[in-house]
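Now for the letters of each chain:
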Amino acid sequence: MRNDCTDYRQLFLDDVPMMDMRAPIEFAKGAFPGAVNLPLMNDQERQKVGTCYKQQGQAAAIALGHQLVGGAIKQARLEAWAAFAKAHPDGYLYCFRGGLRSQIVQGWLKDEAGIQYPKVKGGYKAMRTFLLETTLQAVEQCDFVLVGGLTGTGKTDVLLQLDNVLDLEGHANHRGSSFGKRATAQPAQIDFENQLAIDILKKRARGMQQFVLEDEGRIVGSCSVPLELYQGMQQYPLVWLEDSFENRVERILRDYVINLCAEFVALHGEEDGRRLFAERMLQSMGNIHKRLGGERFQRLSALLGQALDEQLRSGAVDLHRGWIEGLLNEYYDPMYAYQRQAKAERIEFAGDGVEVREYLEARAKREPRVAP
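Per an unreviewed UniProt entry, the protein chain is named tRNA 2-selenouridine synthase, and its organism is Pseudomonas guariconensis. In its Sequence similarities (unreviewed entry) section, UniProt records this for the protein chain: "Belongs to the SelU family." Note on the protein chain: under the UniProt heading Subunit (unreviewed entry), the record states "Monomer."

What follows is the structure, encoded as structure tokens:
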């Protein structure tokens, strides 16, 4: 019989399978990568038991829980837990604090299925606290450098060639700009934070003490960068990525038009996918209506509409270059030029994609400037 687990670090380093006994509403607010939600109680049952606990105490609540989760319902859930345990003999179960729900499921598995399955002591709360501390410790102990640059210079392309990158946009499933929303949904805030912390944990376990990040705002789509990390990003040194205007237009066309449309088509089929893609693009332009101003918004929206009509009609994407060029020249480039000027003292290197990658690889081999 394996013992209950308190080694949270090893759980996440080894991607240990875990079944989450919390109610679906709790799981949806935040969980851990790879955890499977096999709740003791569904949302309605949990609410009834919680109300009973407040009004009549623990004993009455437990009795109500056994009444609600009995018979065929109990049998079906027990079969699902047993199937998970047999499929993942190295796994664990957990609830919010590793308390009553975990103990009940452990007892039922042992008494009625003959399976002794260990739990995570402290449950979700302890593991979540461990991951929050993992990120905080990295901010306090490690060396960070940011990659900045005008829109379309290919910052993500460069970052993903590096071993020591923390890909905030990847974890947030968002490209970080007004047009950066993907065809699939973003993770819950807690899921985003957990994935980032596990990424940090695994890289530090491999000996990394220096990390590269894209120079992001506080919010990546709907996901907020952890506050302590974002505060650090206001002082970290900066490497500035440069590329020609023509290359930037082509890269934006590839990422935000061709590839995004393909994402929608893969999810929804040809006809619905193209329609939903077009709706998303118009919505994204609408999101910056106020910042563009009336005349500029109308003009660029008209160019976007024409490009989408042609793309829907023939599949051609050439007309998209018109609004992309206008948006870069009139909106993004002036904004980023101002930002570069404001951050000029922190820029320690500037160059094209190859030069920046080589610089960052060489920088990672130097002794990290770790905080005392």
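Engineer: Mind showing me how you'd approach the layout of surface pockets here?
Structural biologist: For the largest pocket, the calculated volume is near 810 Å³. In terms of lining residues, the largest pocket is bounded by 42 residues, among which E169, R175, G176, S177 and E214 are the most central. Listed by contribution, the elements that provide at least two residues to the lining of the largest pocket are β4 (143-149), α8 (155-159), α9 (168-172), α11 (227-233), α12 (245-268) and α16 (320-342). When the residues that make up the lining of the largest pocket are grouped by side-chain class, the tally is eleven nonpolar, 16 polar and 15 charged. Here the second largest pocket defines a volume of roughly 680 Å³. Those elements that provide at least two residues to the lining of the second largest pocket are α3 (43-56), α4 (58-68) and α6 (100-113). Each residue belonging to the lining of the second largest pocket can be placed in one class, and the counts come to twelve nonpolar, seven polar and five charged.

Engineer: How do you make sense of the environment of R101 when you look at a structure like this?
Structural biologist: One can find R101 in helix α6. Sequence separation of R101 and R22 is 79 residues, and the distance between their C-alpha atoms is 7.9 Å. If we skip the residues at most four places from it in the chain, R101 touches M21, R22, A23, E26, L40, M41, R46, C95 and F96.

About the cut-offs
- Residues numbered from 1 in each chain as written.
- Predicted model: local features only at pLDDT ≥ 70, side-chain atom pairs only at ≥ 80, totals over all residues.
- Heavy atoms only, no water.
- UniProt positions renumbered as here; feature names shortened; annotations may be inferred.
- 1 Å grid on protein atoms, 1.4 Å probe; cavity = no way out; pocket = protein on both sides within 12 Å on 5 of 7 lines; lining within 4 Å.
- Points joined across faces, edges and corners; volume = space filled by probe spheres on them.
- Helix = DSSP H or I, 4+ residues; strand = E, 2+ residues; numbered from the N terminus.
- Nonpolar A, V, L, I, M, F, W, Y, C, P; charged D, E, K, R; others polar.
- Contact = heavy atoms within 4.5 Å.

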